[in-house]
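What the coordinates show
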Amino acid sequence: MADVDERLHDRVRYARTGHVATITYDRPDKLNAIDGAMRDGLNAAFARFTADDEAWVGVVTGAGRAFSAGADFGSERNPAGEFPGSYWERPTVNSFESGWEIHKPVIAAVNGLCLGYGLTLVTWCDFVIASDRATFGYPEVKLGVPTIVGALRLPGRVGWQPAMELLLTGETISAARAKEIGLALQVVPHEELNAAVDAFAQRLLAGAPLAQRAIKEVARRGPEMSQTDAIRFGETMRRVAGATEDATEGGLAAREKRPPRWQGR
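First, a word on what this report is: a plain description of the structure on this page. Residue numbers run consecutively from 1 along every chain, following the written order of its sequence. Thresholds applied to this predicted model are a pLDDT of at least 70 for local features of residues and 80 or more for the giving and counting of side-chain atom pairs; totals over whole chains, interfaces and linings are not thresholded and use all residues. Only hydrogens and water are set aside when side-chain values are computed; all heavy atoms of the structure are taken into account.

**Looking at the sheet that holds strand β5 (residues 66–68)**
One key point about sheets: their strands pair by backbone hydrogen bonds, in either a parallel or an antiparallel sense. As a reminder, the rule being used: Pairing between two strands is assigned when DSSP locates at least 2 bridges connecting them. Labels follow the DSSP assignment, with helices taken as runs of H or I lasting at least four residues and strands as runs of E lasting at least two, numbered in each case from the N terminus. An axis is simply a line fitted to the C-alpha atoms; with a helix, the fit covers only the stretch in contact. Between two such axes, the angle follows the N-to-C directions and lies from 0 to 180 degrees. It only takes one pair of heavy atoms within 4.5 Å for two residues to be counted as in contact.
Reading across from one edge, β5-β7-β9-β10 is the order of the four strands in this open sheet, with mixed pairing throughout. Of all the strands in the sheet, just β5 and β10 (172–174) have a single pairing partner and so form its edges. The mean angle between the axes of side-by-side strands here comes to 20°, regardless of whether they run parallel or antiparallel. Pairing of strand β7 (residues 113–115) with strand β9 (residues 135–137), which is carried by three bridges, proceeds in the parallel orientation. Its bridge partner lying in β9, L113 is registered against T135. Helix-sheet contacts for helix α2 (residues 117–124) involve β5, β7 and β9, and the interaxial angle to β7 is about 85°.

And the structure:
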């Protein structure tokens, strides 16, 4: 039984079992297409995950046969969220898939169709474990509009040519092709997806959670800095993480030849 199981709005679920939190797109009748209400729920779920001190690893998945079919263009409200200001002043970092920084590790459990906004979120996750039924794509170009955040992020994730193939053709690719180009870490039989994700989450829980967050932050921010600044930043993060109770416990456990008991402090 989950320690926490909440419905955030009527289209998103947040559940936590132990230190693993699962955020579920829950609009299966619409292939989990994102409308304004779902955007509210997703943002609330990721804010909840960020603030939940007991949540050390996140999993994102979809209910039914799709991960997410992307934006619901029939939505009465903007699927990207509501913003004040003029056209040019609208912020673009307004959700996890568009660039919110979450330094806890996040796994995408891709159970089916994964398009548009759904794929953009996947590119911001640290790990992708896909069902063999999953498919991935950016169909925006076939609708006459450009993919923006996906175009910024996908080339760094999979390389220029595979990224441009997806972005400029609007075609979908299989889970096997996603693994081939480095988009997916693992592809497993559909009925084994949950077990594979759970097993990977347990592997992550063997690492000190605060050290993991420091590593992820350095990995994200470091490439945007000069080499000297990046090293200075990294060494600062090392000192911060090294002053935690978990760092003391890690050293003690190593000397006593036993598994460490992390507290996230």
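More follows now that the structure is in view.
**A word on the sheet that holds strand β3 (residues 20–25)**
Across the sheet, which stays open at both edges, the seven strands sit in the order β1-β2-β3-β4-β6-β8-β11 with mixed pairing between neighbours. Edge strands, defined here as strands with exactly one partner in the open sheet, are β1 (4–8) and β11 (186–188). Direction aside, the axes of adjacent strands within the sheet are offset by 20° on average. Sheet topology places β3 next to strand β4 (residues 57–62); six bridges connect them, and they run parallel. Bridging from a neighbouring strand, T22 pairs with V59 of β4.

**Some thoughts on the nonpolar core**
Note the threshold: We define the nonpolar core as a collection of buried residues of types Ala, Val, Leu, Ile, Met, Phe, Trp, Tyr and Cys that are connected through side-chain atoms lying within 4.5 Å of one another. Only protein chains enter the accessibility calculation, which uses a 1.4 Å probe; a residue is then buried when its area is under 20% of its type maximum, exposed when over 50%, and partly exposed in between.
V110, V122, F136 and L183 are the most contacted members of the largest nonpolar core, which totals 44 residues. Sort the elements by how many residues they give to this core and helix α1 (residues 36–51) lands first, with five residues. Discounting chain neighbours no more than four positions away, the residues touching V110 are F67, V122, V128, I129, A130, S131, A134, F136 and L193.

**Here's the deal with the environment of Y138**
Heads up, the condition is: Polar contact criterion, stated in full: a pair of N or O atoms within 3.5 Å, where within protein one must be able to donate a hydrogen and the other to accept it, and residues adjacent in sequence count only if both atoms are side-chain atoms.
For Y138, the location among the structural elements is in the loop between β9 and α3 (149–158). With a relative accessible area of 0%, Y138 lands in the buried category. In contact with Y138, not counting residues within four places along its chain, are G116, L119, T120, T123, T147, G150, L154, L166, L167, G170 and E171. Side chain to side chain, Y138 and T120 meet in a polar contact 3.0 Å long.

Any functional reading would require information that these geometric values do not contain.
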